[in-house]
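Descriptive analysis of the structure
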Amino acid sequence: MKSLLTMEQLSKNELFDILNVASELKSEQKAGKKHEKRLDGMTLGMIFQKSSTRTRVSFEVGMQQLGGYPLFLSGNDLQLGRGESIKDTARVFGRYLDGIMIRTFKQSDVEDLAKYSGLPIINGLTDYCHPCQVLADLLTVKEHKGGFDGLKACYIGDGNNMANSLIVGCLLSGMSFSLATPEAYKPCEHIMRFGESYGDKFSWSTDIFEAADKADVIFTDVWASMGQEGEAEIRKKAFAGYCVDRKLLGVANKNCMLQHCLPAHKGEEIAEDVFEEHANEIFDEAENRLHAQKAVMWLCMHKD
Ligand code: CP
Ligand code: NVA
């Protein structure tokens, strides 16, 4: 694997390789051991054209722990923010850096960065997908449930970047997947087709109780993503009732996990009481961003 641009580029073997490396690096860190400095002398440029707490800090800390140097690049400070093209920016960065993590709007910008820089590129979120987050989510499910086979994953809310990557990642892992979104907010067409290719292991509904029935893990995310702030009021109306709360958890399996990529809008997509009851799982998920990120950099950026 040279780059991580989307979830659907991964084979099942590649997915499990990343999760295994992440688990090994996590165990090593928990045991107080130092990692091999596999990225010694390397620089990762981190372009952010949207806000971030977890992605920025986990990549920055992870890169440093692997012996490399993380270079934070705010989209507004780069000439990119004044209209310089991705194609030219990529050709410049290809001469300075050893890899790039980018958080931006258009998926095509991530693809162009890979095409024109020649560097390993890691997608830190676009409007289309959020593969790094879903790797951390799967690592958390694996730790809490001991594996994936026979489990039912469920997603409630907007058919957004998280939904697109969760459908692919959960099905690839071996779990079945059901989601509930309003009719007008389904995941994108080809991701729906990807899901449908898994036959009765995949289902979509507008009914949250149908989707959550006998679920082993429920995922949710905000109703309005970054860049959609202007639609917040319309979305509040469209998503009314798409809330993970105690009543919904009542139809799920006993010991059903709850996952939220964060930040959360408590009282909208998730009730505060269930958020707090499942805080351990949700903050394990946040912690696992660090371990998953290190695994992705470990596998994409090394030169041997
Ligand atoms: N979940 C996630 O990507 O968090 P940040 O937006 O804080 O990076
Ligand atoms: N769907 C959210 C995820 C944030 C991590 C967004 O894109 O804003």
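These notes cover the structure that comes with them. (Residues numbered from 1 in each chain as written. Chains lettered and ligands numbered in written order. Predicted model: local features only at pLDDT ≥ 70, side-chain atom pairs only at ≥ 80, totals over all residues. Heavy atoms only, no water.)

**Overview of the sheet that holds strand 4 (residues 121–123)**
Here four strands make up an open sheet; going across it, the order is 2-1-3-4 and the pairing parallel. Each end of this open sheet is capped by a strand with a single partner; those strands are strand 2 (69–74) and strand 4. Averaged over all neighbouring strand pairs, the angle between strand axes comes to 20°, with direction disregarded. Of the strand pairs in this sheet, strand 3 (residues 99–103) and strand 4 are connected by three bridges, and their pairing is parallel. Directly across from M101, in strand 4, lies its bridge partner I122. Contacts from helix 12 (residues 279–301) reach strand 1 (43–48), strand 3 and strand 4 within the one sheet, and its direction differs from that of strand 1 by about 125°. (Pairing = 2+ DSSP bridges. Helix = DSSP H or I, 4+ residues; strand = E, 2+ residues; numbered from the N terminus. Axes fitted to C-alpha atoms, helices over the stretch in contact; angles between N-to-C directions. Contact = heavy atoms within 4.5 Å.)

**Some details on the site of ligand 2**
L125, H130, N160, N161, D221, S225, M226, C261 and L262 make up every residue found near ligand 2. Side-chain polar atom of N161 to an oxygen atom of ligand 2: 2.8 Å apart, as the coordinates give it. One of the side-chain N or O atoms of D221 is found 2.6 Å from a nitrogen atom in ligand 2. Relative to its unbound accessible area of 270 Å², ligand 2 is 94% covered by the protein chains. Residues that form the shell around ligand 2 fall into these classes: four nonpolar, four polar and one charged. (Near = heavy atom within 4 Å. Polar contact = N/O pair within 3.5 Å; in protein donor to acceptor, adjacent residues only side chain to side chain. Areas by Shrake-Rupley, 256 points an atom, 1.4 Å probe, with all protein chains shown as cover. Nonpolar A, V, L, I, M, F, W, Y, C, P; charged D, E, K, R; others polar.)

**Considerations on the site of ligand 1**
Taken together, the neighbourhood of ligand 1 is formed by S52, T53, R54, T55, R103, H130, Q133, C261, L262 and R289. One of the backbone N or O atoms of R54 is found 2.8 Å from an oxygen atom in ligand 1. In this structure, a nitrogen atom belonging to ligand 1 sits 3.0 Å away from a main-chain N or O atom of L262. Surface burial for ligand 1 is 95%, taken as the share of its 260 Å² of free accessible area covered by protein chains. Among the residues forming the shell around ligand 1, the class breakdown is two nonpolar, five polar and three charged.

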